[in-house]
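So the chains spell out like this:
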Amino acid sequence: MTHVFTNGVFDLFHVGHLRMLRAASSIITDGGVYLTVAINDDTSVARIRGEDRPIIPCEHRRELLLGLYGVRHVITFSEDTACEIIEFYHRQHPIDVYVKGDDTEELPEEKILCDLGIEIRFLETEKPDSASQIIERCHRAYQRGMMPVGSPYPTTPDAPLPGISQQEQRFE
């Protein structure tokens, strides 16, 4: 069994996250993969991404990740980088491979990973939108008074809900 480890915010979980985690859980074809995901807690997300983040609370992000096939363990950390949690966790559960998406611009964990002898792999996955891009698109749509293109929800407060009769929509 190969122990694979990754970390990130995973706020507003999107298809890029899904693709990277799928790739991480299948990097070893024989013997299997034990995938551990470390996520930033809410306080560190607010420091890193801004005071309006996270959108999704830590416990919900953790539950969502645990529900994915291939993710075996989810831990949280409160620092801005995963250096300390990697070192601590590795002492108890030796990590074989550390993975990140190939869109990673800098890797502050690189030194500790090399010092511990953990292999680093950047996984090539298509990532159409980041969480920040999705949030910005929703914000622009909200400012214009409409939901994003393709949304099944009404664009004005008094518009009818799709698939529900007018009588069912009354909450009186």
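Residues numbered from 1 in each chain as written. Predicted model: local features only at pLDDT ≥ 70, side-chain atom pairs only at ≥ 80, totals over all residues. Heavy atoms only, no water.

A look at helix α3 (residues 58–66)
Line of reasoning, step 1. For α3, every residue scored as buried is listed here: C58, R61 and L65. Looking down the long axis of α3, one finds its buried residues gathered within 65° of arc, a one-sided arrangement. Facing away from the buried side of α3 by more than 90 degrees, the exposed set consists of E59 and E63.
Line of reasoning, step 2. Contacts made by the buried residues of α3 are with α1 (15–25), β2 (33–40), α2 (42–49) and β3 (71–77). (Buried < 20%, exposed > 50% of the residue type's maximum accessible area, 1.4 Å probe, protein only. Helix = DSSP H or I, 4+ residues; strand = E, 2+ residues; numbered from the N terminus. Arc of directions from axis to C-beta. Contact = heavy atoms within 4.5 Å.)

Considering the pattern of salt bridges
Line of reasoning, step 1. Within this structure, the stated rule accounts for six salt bridges.
Line of reasoning, step 2. With its nearest N and O atoms 2.8 Å apart, the salt bridge here joins D80 to R47. In this pair, D80 is assigned in the loop between β3 and α4 (83–92) and R47 in helix α2, connecting sequence segments 33 residues apart.
Line of reasoning, step 3. Residue D80 is classed as partly exposed on the basis of its relative accessible area, which comes to 45%. (Salt bridge = Lys/Arg side-chain N within 4 Å of Asp/Glu carboxyl O.)

Quick notes on the packing of aromatic side chains
Line of reasoning, step 1. Scanning all chains against the criterion turns up two aromatic pairs.
Line of reasoning, step 2. Ring geometry for F5 and Y98: centres 6.3 Å apart, planes at 25°, overall stacked. Residue F5 is found in strand β1 (residues 2–8), and its partner Y98 is found in strand β4 (residues 97–101); the two are separated by 93 residues along the sequence. Comparing F5 with Y98, the two get one shared label, buried.
Line of reasoning, step 3. Each member of the aromatic cluster is reached from another via a ring pair, and the members are F5, Y89 and Y98. (Phe/Tyr/Trp six-rings, centres within 6.5 Å; stacked < 30°, edge-to-face > 60°.)

Remarks on the sheet that holds strand β5 (residues 119–123)
Two strands in a sheet stick together by hydrogen bonds in their backbones, pointing the same way (parallel) or opposite ways (antiparallel).
Line of reasoning, step 1. Reading across from one edge, β3-β2-β1-β4-β5 is the order of the five strands in this open sheet, with parallel pairing throughout. Only two strands of the sheet have a single partner each, and these edge strands are β3 and β5. Direction aside, the axes of adjacent strands within the sheet are offset by 25° on average.
Line of reasoning, step 2. By the bridge criterion, six bridges tie β2 to β3 in an arrangement that is parallel. Across the sheet, residue T36 finds its bridge partner in β3, namely H73. (Pairing = 2+ DSSP bridges. Axes fitted to C-alpha atoms, helices over the stretch in contact; angles between N-to-C directions.)

Topic: α1
Line of reasoning, step 1. The complete set of buried residues in α1 reads G16, H17, M20, L21 and A24. Summarising the axial view, the buried residues of α1 lie within an arc of 125°, below the 170-degree limit, and thus occupy one face.

Concerning the confidence of the model for the protein chain
When pLDDT is low, close inspection of the predicted coordinates is not appropriate.
Line of reasoning, step 1. Across the protein chain, the average pLDDT comes to 85, with 84% of residues at or above 70.
Line of reasoning, step 2. In the model, residues 164–172 has pLDDT below 50 throughout and makes five contacts with residues more than four positions away in sequence or in other chains. (pLDDT = per-residue confidence, 0-100.)

Quick notes on the nonpolar core
Line of reasoning, step 1. Among the nonpolar cores identified, the biggest contains 19 residues, and V4, L21, L35, V37, L65 and V99 are the most heavily contacted of them.
Line of reasoning, step 2. Counting only elements with at least two residues in this core, the list comes to α1, β2, α3, β3 and β4.
Line of reasoning, step 3. It is β2 that contributes the most residues to this core, four residues altogether.
Line of reasoning, step 4. Setting aside residues up to four positions removed in sequence, V4 forms contacts with A24, I27, V33, Y34, L35, T36, V97 and V99.
Line of reasoning, step 5. Judged by nonpolar contacts, the second largest core, of 14 residues, contains F5, A38, I75 and Y98. (Core = buried A, V, L, I, M, F, W, Y, C linked by side-chain atoms within 4.5 Å.)

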